[in-house]
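One-letter residues, chain by chain:
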Amino acid sequence: MKIRKELWFGFSLMALILLGVAAMLISAEQITRGHLGLLMLSLVVVAIMLGFPTAFTLMGMGMIFTWLAYDRDTDKTLTLMVQSTFNVMSKDVLISIPLFVFMGYLIERANLIEKLFRSLHLAMARVPGSLAVATIFTCAVFATATGIVGAVVTLMGLLALPQMLKAGYDVKLSAGAITAGGCLGILIPPSVMLIVYGATAGVSVVQLYAGAFFPGLMLAGLYMLYVIILAKWKPHLAPPLSMADRFVPLPPLTQPLADGISNRALPALLAALRGRRNLGVPAAHVLRQLGVVLLPLLLFLAVAGLSYRVSTAAPEAAVLVQTDSVSTPPGSAVEAVQGGLQEPPGAEQGGGLKAPPGAEEEAASAAAPGAVAAPAAAAERVPASRNFWIGTGVGAVLLALFYLQFTFQRLEIFKMLLASFFPLVVLIVAVLGSIVFGLATPTEAAAVGAAGGLLLAAAYRQLNFGVVRESVFLTAKTSAMVCWLFVGSAIFAAAFALLGGQELVERWVLSMNLTPVQFLILSQLIIFILGWPLEWTEIIVIFMPIFIPLLDKFGIDPLFFGLLVALNLQTAFLSPPVAMAAFYLKGVSPRHVTLNQIFAGMLPFMGIQVIAIVLLYIWPQIGLWLPHLLYK
């Protein structure tokens with residue numbers, strides 16, 4: 001019987017784990033409970049690699065070794081299991097998981113992704129490798145809205161892969177762009193993985209969301225930059241779109257304006273409003289098109305006006321102003337506006353602070369409307385800064401250039417973006433903005449997102465009983481899986497701590513005399529290697545409880561460590577043999593696309609993920625600037 005390479009790799013790795021544990025037990029002078037804890041950890045990893053369910057493997061191994069640690073006392077074992085389960089399931093933040101997942105499934109079934117991809121790849125037609133760039137951009141936007149890796153990779157495999165192959169794109173590049181872009185959903189908020197890490201590590205999910213936003217955008221930008229450079233360097237791997245593929249048909253009522261007046265949208269529509277020059281096009285149609293064309297101008301004016309109000313606002317300071325009708329009492333605190341409240345005369349001399357004569361009457365008169373606080377809004381505004389006028393001027397020039405290039409074809413693309421891209425952006429901004437700026441908790445924002453998903457599905461006429469039923473079923477299935485993982489992780493962590501495995505690992509790590517930098521490199525290398533045989537769920541729930549207690553020893557911020565782990569765990573979906581993104585894509589690919597081609601296409605993007613981790617470590621403010629700005 002011929003065994004595949006993936007199986008050889010898995011069996012070899014399991015054999016190495018078992019041999020390492022056997023060597024540890026044999027070389028130990030005395031087998032302690034800590035050694036049993038490491039044995040439990042290795043058996044859990046091997047059992048998961050053999051295909052046993054992760055949650056029940058964790059629970060089963062945890063209970064067996066807890067029973068051994070308690071000298072076969074069944075009552076204590078069951079008590080620990082119940083207490084661990086209750087403690088982990090009583091965390092309020094877990095309520096947001098089913099709501100975010102429900103939002104994702106509803107948006108997926110609203111069929112927005114096809115319109116989004118079509119409009120984006122037409123808008124980026126002049127960019128080298130436009131189809132692959134549009135694929136990554138679509139994956140990033142859709143992954144942000146849904147957070148479901150399997151759904152994004154599968155849908156983009158059905159939608160984008162045939163178009164890229166038809167356009168002559170390299171199979172490896174096409175597969176890598178789809179799988180890498182789809183995996184952004186576990187990094188860019190609202191990510192279920194960040195919720196799981198936050199609940200496991202005791203880190204604020206709100207701060208994790210704020211911190212992961214810019215690293216996620218950075219990683220997506222690096223993906224697109226790689227595709228553009230590769231398409232520019234080797235055009236045969238990503239040929240430019242033909243004119244037929246770039247062609248955008250105009251509506252019948254718009255075509256006469258483009259042919260008879262001008263192909264530039266704004267001048268043609270303004271000219272069509274003058275008497276008979278509308279060429280038989282109804283004025284209502286012209287006004288509707290003109291309203292769409294003027295949207296960028298209205299947005300620019302709104303942003304410029306808001307910026308002007310902010311830049312010219314007077315400094316916030318309340319001052320005391322005395323009205324003419326009431327005189328200032330002698331020695332009162334209102335005499336000096338600049339100095340605030342002052343001591344009465346003679347207080348600086350010996351004898352302590354004495355009440356001046358008539359102080360009680362003066363205190364009563366102070367409550368009268370003689371002294372009032374003038375708000376800063378009544379003060380005169382300061383002149384706008386030079387930077388404001390420079391920024392406004394540059395924006396006006398760019399807007400003018402935009403309208404010079406704004407043809408009727410680009411108007412149709414813009415309307416497609418309005419119908420597909422902007423509703424998702426509004427939903428994402430509403431959900432993430434309410435979380436990041438403290439307007440709502442993650443659970444409340446998730447409820448808003450779920451309601452928004454229902455509204456989007458209804459707006460695109462995709463909301464029916466079948467869609468809601470399927471979304472609820474898939475949400476319950478995914479949420480149950482995550483909750484069982486939490487329960488299994490809690491029981492396993494309790495058993496591991498009871499056996500002294502955590503203490504043994506701490507002693508071993510501290511005995512190496514590592515610097516914080518060396519510890520970070522070692523931990524990220526271990527997580528990177530674990531990503532090859534394990535999924536992110538197993539890595540988070542099994543190994544994070546081991547790493548987190550060590551962070552205090554090395555003075556490492558758990559928030560920063562979580563951001564590094566989130567970037568690193570991108571590899572868990574792309575690294576064989578358990579590269580779930582590859583199997584999702586293979587399930588919807590043409591027969592001539594092999595798994596080896598998909599794996600080969602993912603390797604450059606794994607290298608980009610390593611570069612992103614290095615960049616985040618060198619410049620930690622990429623991830624920490626926004627949380628520190630908002631919450632410190």
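Thresholds, definitions, all that
Residues numbered from 1 in each chain as written. Predicted model: local features only at pLDDT ≥ 70, side-chain atom pairs only at ≥ 80, totals over all residues. Heavy atoms only, no water. Helix = DSSP H or I, 4+ residues; strand = E, 2+ residues; numbered from the N terminus. Buried < 20%, exposed > 50% of the residue type's maximum accessible area, 1.4 Å probe, protein only. Areas by Shrake-Rupley, 256 points an atom, 1.4 Å probe, with all protein chains shown as cover. Core = buried A, V, L, I, M, F, W, Y, C linked by side-chain atoms within 4.5 Å. Contact = heavy atoms within 4.5 Å. Disulfide = S-S within 2.5 Å. Expected span 1.5 Å × (residues − 1). Bend = angle between axes of the 7 residues up to and from the residue. Axes fitted to C-alpha atoms, helices over the stretch in contact; angles between N-to-C directions. Left-handed = near helix turned anticlockwise from the far one by under 90°. Nonpolar A, V, L, I, M, F, W, Y, C, P; charged D, E, K, R; others polar. pLDDT = per-residue confidence, 0-100. Phe/Tyr/Trp six-rings, centres within 6.5 Å; stacked < 30°, edge-to-face > 60°. Lys NZ or Arg CZ within 6 Å of the ring centre and 35° of its normal.

Caption draft 1: Layout of the overall build of the protein. A tally of helices and strands in the protein yields 29 helices and two strands. The 632 residues of the protein split such that 46% are buried. On the protein, roughly 31,300 Å² of surface is accessible, and the fraction owed to carbon and sulfur atoms is 67%.

Caption draft 2: Structural detail: the nonpolar core. Counting 162 residues, the largest nonpolar core has Ile-540 and Phe-561 as its most contacted members. Considering each element in turn, this core owes the most residues, 14 residues, to helix α11 (residues 205–233). Beyond its immediate chain neighbours, meaning those up to four positions away, Phe-561 contacts Tyr-197, Leu-520, Ser-523, Gln-524, Ile-527, Met-544, Phe-547, Ile-548, Leu-551 and Ile-556. Core analysis: the second largest hydrophobic core is formed by 19 residues, Ala-265, Val-292, Leu-399 and Phe-406 among them.

Caption draft 3: Expanded view of the environment of Met-580. For Met-580, the position within the fold is in helix α27 (residues 580–586). Sequence-wise, Met-580 and Cys-183 are 397 residues apart; in three dimensions their C-alpha atoms are separated by 9.9 Å. Setting aside residues no more than four positions away along its own chain, Met-580 makes contact with Glu-535 and Phe-573.

Caption draft 4: How the structure looks around the state of the cysteines. The final tally for this structure, using the stated rule, is zero disulfides. Free cysteine Cys-139: the closest other cysteine sulfur is in Cys-183, separated by 9.1 Å. On the basis of relative accessibility, which here comes to 0%, the residue Cys-139 falls in the buried class.

Caption draft 5: View of helix α3 (residues 54–69). The end-to-end C-alpha distance of α3 is 22 Å, a good match for the 22 Å that 16 residues give at a rise of 1.5 Å each. Of the surrounding secondary structure, the elements contacted by the buried residues of α3 are α2 (33–49), α4 (74–89), α21 (465–498) and α24 (536–554).

Caption draft 6: Examining helix α19 (residues 408–436) more closely. Largest kink in α19: about 40°, centred on Leu-418. Phi turns positive, to about 75°, at Gly-438, one or two residues after α19.

Caption draft 7: View of the environment of Leu-58. Tracing the sequence through the fold places Leu-58 in helix α3. In the structure, Leu-58 is positioned 430 residues away from Gly-488 in sequence and 4.9 Å away in space, judged by C-alpha atoms. When sequence neighbours within four positions are dropped, the list of residues in contact with Leu-58 reads Val-44, Gly-488, Ser-489, Phe-492, Val-541 and Ile-542.

Caption draft 8: Spatial organisation of the packing of helix α9 (residues 171–182) against helix α28 (residues 595–618). At their nearest, the axes of α9 and α28 sit 7 Å apart, and the two run at 65° to each other. Between α9 and α28 the crossing geometry is right-handed. Contacts between α9 and α28 involve Val-171, Lys-172, Ala-175, Gly-176, Ala-177, Thr-179 and Ala-180 from the first element and Gln-597, Ile-598, Ala-600, Gly-601, Met-602 and Phe-605 from the second. Looking at side-chain class alone, the contact of α9 with α28 contains eight nonpolar, four polar and one charged residues.

Caption draft 9: Expanded view of the confidence of the model for the protein. When pLDDT is averaged along the protein, the result is 80, and 87% of the positions lie at 70 or above. Here strand β1 (residues 319–322) stands out as the element of the protein with the lowest mean pLDDT, 43, in contrast to α11, whose mean of 92 is the highest. In this model, residues 317–355 is a region of pLDDT below 50 whose contacts with residues beyond four sequence positions or in other chains number 39 contacts. Counted against residues more than four places away or in other chains, residues 358–378, with its pLDDT under 50, gives 24 contacts.

Caption draft 10: Quick look at the packing of helix α6 (residues 112–123) against helix α8 (residues 149–166). Put simply, α6 and α8 touch, their axes get as near as 10 Å, and they point 35° apart. Between α6 and α8 lies a crossing whose hand is right-handed. Touching Ile-113, Glu-114, Phe-117 and His-121 of α6 are Leu-155, Met-156, Leu-159, Ala-160 and Gln-163, all from α8. When the residues that make up the contact of α6 with α8 are grouped by side-chain class, the tally is six nonpolar, two polar and one charged.

Caption draft 11: Spatial organisation of the packing of aromatic side chains. On inspection of all chains with the given rule, the structure shows 20 aromatic pairs. Measuring from centroid to centroid gives 5.3 Å for Tyr-223 and Phe-605, while their planes differ by 75°, and the two rings are edge-to-face. Here the residue Tyr-223 occupies a position in helix α11, and Phe-605 occupies one in helix α28, the gap between them amounting to 382 residues. For the pair shown, Tyr-223 and Phe-605 are each scored as buried. One aromatic cluster in this structure is built from Phe-137, Phe-402, Tyr-403, Phe-406, Phe-414, Phe-421 and Phe-422. When the ring centre of Trp-67 is taken as reference, the NZ or CZ atom of Arg-72 above it lies at 5.8 Å.

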